[in-house]
Amino acid sequence: MFYWLIDLSNTVPGLGGLHSFLNVFRYITFRTGGAIATGALFVFLFGPWIIDHLRIRQGKGQPIRTDGPQSHLVTKKGTPTMGGLMILSGLVVSTVLWANPLNPYVWIVLAVTLGFGFVGFYDDYLKVTKQTSSGFGGRIRLVLEAVIALAACYALVRLGRDAQSTSLAVPFFKDVIINFGWFFVIFGAFVIVGAGNAVNLTDGLDGLAIVPVMVASASFGLIAYLAGNVVFSDYLQINYVAGTGELAILCGAVLGAGLGFLWFNAPPASIFMGDTGSLALGGMLGSIAVAVKHEIVLAVIGGLFVLEAVSVIVQVTSFKLTGKRIFRMAPIHHHFEQLGWTEPQIVIRFWIISVMLALAGLATLKLR
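Note that the structure is predicted; figures quoted are calculated from it, not measured.

J.: Quick rundown of the overall build of the protein chain? Include the residues and the values.
T.: A tally of helices and strands in the protein chain yields 16 helices and two strands. Expressed as a percentage of its 368 residues, the buried residues of the protein chain come to 52%. Within the protein chain, counting contacts between residues at least 6 apart in sequence, those at least 24 apart form 74% of the total. Carbon and sulfur atoms form 69% of the exposed surface of the protein chain, whose accessible area is close to 16500 Å².

Below you can see the structure in the form of structure tokens.
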């Protein structure tokens, strides 16, 4: 929106002084800061109203898994879900206000985020209305996610129009680039769908998912800014992708909205993120990683999400093949609950791990 104000000051006579003042809005760093502040303020202001509205509409709140930790049946009963609506609202408002509306990368990533959010919302809706811990069929959900991700990756490849847009860069090796051709559309879709579901699996304790998402968003905000700057990308010897710097603003919006949401999601949570938020935020991280050509780095920065997803895969595979379970319960954060760790211990220690992994991922920018 501020881009229109800058253009207006350029065309209307006598607004030269206003143009000089508004010129600061051209800087991505300034607008990213504005997006953080706007996202946080929006959720702080409207969060209580959204929580009250959802609590009235949902009645009994989110159904709790009967096969999960038994303590959850008591401590988390009656808590409303779909808190992702708070985050997505703050994200959309901030992005519309601060991002360049002519930048296609912003709209592609925003489309994936809202598309995955809609899928998650419908899943949450079925859980609440039917009072069951399972939503609609997993295969149908994966198909919907795959369609959204494939469309986004196709758009990203068409937007790039060069060999780099279909290539995978390997961290630590500046000259190792694997060109997948049009198969990259499938690979990119796998990254996006995988990221969405990995974050979804991580969202099982109060505050557990939102902070690692914020850490990953801040990290990819920096990566997007560097990858979209020809000088910095050349210095760091990373792929230059013109226009992706604007994605830093979207990441800032997530960081701000996430801070606001954490205020209400901190233990004991007043609201759960639900699939509405976790799928949307995971899909957003995956699509940004594909856009800025740092798909492998996403697996490092989002290593906590990978660990949660792998723990489920290992648990299910082991049980089907041998009839034995590797973990006491999956995802792995429930395993530590069964070992006697308190919820705050698990959450804070996982936060620490996410920060350490983010630092390791950012280190790959220079180690090439």
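J.: Tell me about the nonpolar core, and please be specific about residues and values.
T.: Residues Met86, Ile210, Phe220, Leu247, Leu250, Ile288 and Val292 are the most contacted members of the largest nonpolar core, which totals 84 residues. Ignoring anything within four residues of it in the chain, the contact list for Met86 reads Val43, Gly47, Ile50, Ile51, Phe261, Phe264 and Ile271. With nine residues, the next largest nonpolar core counts Leu205, Ile332, Phe336 and Ile346 among its residues.

J.: Please provide a residue-by-residue account of the packing of helix α11 (residues 247–265) against helix α12 (residues 274–291), values included.
T.: Closest axis-to-axis distance for the α11/α12 pair is 12 Å, and the angle between their directions is 160°. The angle between α11 and α12 places the two elements in the roughly antiparallel class. The handedness of the crossing between α11 and α12 comes out as left-handed. For the pair α11 and α12, contact is made by Leu247, Leu250, Cys251 and Val254 and by Leu281, Met284, Ile288 and Ala291, respectively. Tallied by class, the residues present in the contact of α11 with α12 amount to eight nonpolar, no polar and no charged.

J.: Help me get a handle on the environment of Val109, residues and values and all.
T.: Tracing the backbone shows Val109 in helix α6 (residues 104–130). Relative accessible area serves as the criterion here: at 1%, Val109 is assigned to the buried category. Apart from the residues within four sequence positions on either side, Val109 is in contact with Leu247, Leu250, Met284, Ser287 and Ile288.

J.: So what's going on with the side chain of Arg141? Which residues, and what values?
T.: Structurally, Arg141 is set in helix α7 (residues 138–160). Reaching out from Arg141, the side chain makes a polar contact with the side chain of Asn197 at a distance of 3.3 Å. Among residues more than four places away in sequence, those in contact with Arg141 are Val119, Asp123, Phe136, Asn197, Asn200, Asp275 and Leu279.

J.: Describe the environment of Gly274, listing the residues and the values that go with them.
T.: In this structure, Gly274 sits in helix α12. By relative accessible area, which is 4% here, Gly274 ends up buried.

J.: Lay out the pattern of salt bridges in plain terms, naming residues and giving numbers.
T.: Within the structure shown, the criterion is met by eight salt bridges. Close ionic contact of Glu145 with Arg141 constitutes a salt bridge, the shortest N to O distance being 3.5 Å. One end of the pair, Glu145, and the other, Arg141, are both in helix α7, four residues apart, so they sit about a helical turn from each other. A residue is classified by how much of its surface remains accessible, and Glu145, at 0% relative accessible area, is buried.

J.: Go over helix α16 (residues 343–363) with me, naming the residues and quoting the values.
T.: For α16, which comprises 21 residues, the first-to-last C-alpha distance of 31 Å matches the rise-based estimate of 30 Å (1.5 Å per residue) to within 8%. Considered for burial, the residues of α16 that qualify are Glu343, Ile346, Val347, Phe350, Ser354, Ala358 and Gly361. Relative to the axis of α16, the buried residues are bounded by an arc of 105° and lie together on one face. Residues of α16 that are exposed and point over 90 degrees away from its buried face: Met356 and Leu359. Residues of α16 that are buried sit in contact with α9 (210–227), α13 (295–301), α14 (303–322) and α15 (332–338).

J.: Summarise the packing of helix α8 (residues 184–202) against α12; cite the residues concerned and give the values.
T.: Relative to each other, α8 and α12 sit at 145°, their axes nearing to 7 Å. In this structure, α8 crosses over α12, and the sense of that crossing is right-handed. For the pair α8 and α12, the contacting residues are Phe184, Gly188, Val191, Ile192, Ala195, Gly196, Asn197, Val199 and Asn200 in the first and Asp275, Ser278, Leu279, Gly282, Gly283, Gly286, Ser287 and Val290 in the second. Class assignment of the residues belonging to the contact of α8 with α12 gives a composition of seven nonpolar, nine polar and one charged.

Definitions and limits used
- Residues numbered from 1 in each chain as written.
- Predicted model: local features only at pLDDT ≥ 70, side-chain atom pairs only at ≥ 80, totals over all residues.
- Heavy atoms only, no water.
- Helix = DSSP H or I, 4+ residues; strand = E, 2+ residues; numbered from the N terminus.
- Buried < 20%, exposed > 50% of the residue type's maximum accessible area, 1.4 Å probe, protein only.
- Contact = heavy atoms within 4.5 Å.
- Areas by Shrake-Rupley, 256 points an atom, 1.4 Å probe, with all protein chains shown as cover.
- Core = buried A, V, L, I, M, F, W, Y, C linked by side-chain atoms within 4.5 Å.
- Axes fitted to C-alpha atoms, helices over the stretch in contact; angles between N-to-C directions.
- Parallel < 35°, antiparallel > 145°, perpendicular 65-115°, else oblique.
- Left-handed = near helix turned anticlockwise from the far one by under 90°.
- Nonpolar A, V, L, I, M, F, W, Y, C, P; charged D, E, K, R; others polar.
- Polar contact = N/O pair within 3.5 Å; in protein donor to acceptor, adjacent residues only side chain to side chain.
- Salt bridge = Lys/Arg side-chain N within 4 Å of Asp/Glu carboxyl O.
- Expected span 1.5 Å × (residues − 1).
- Arc of directions from axis to C-beta.

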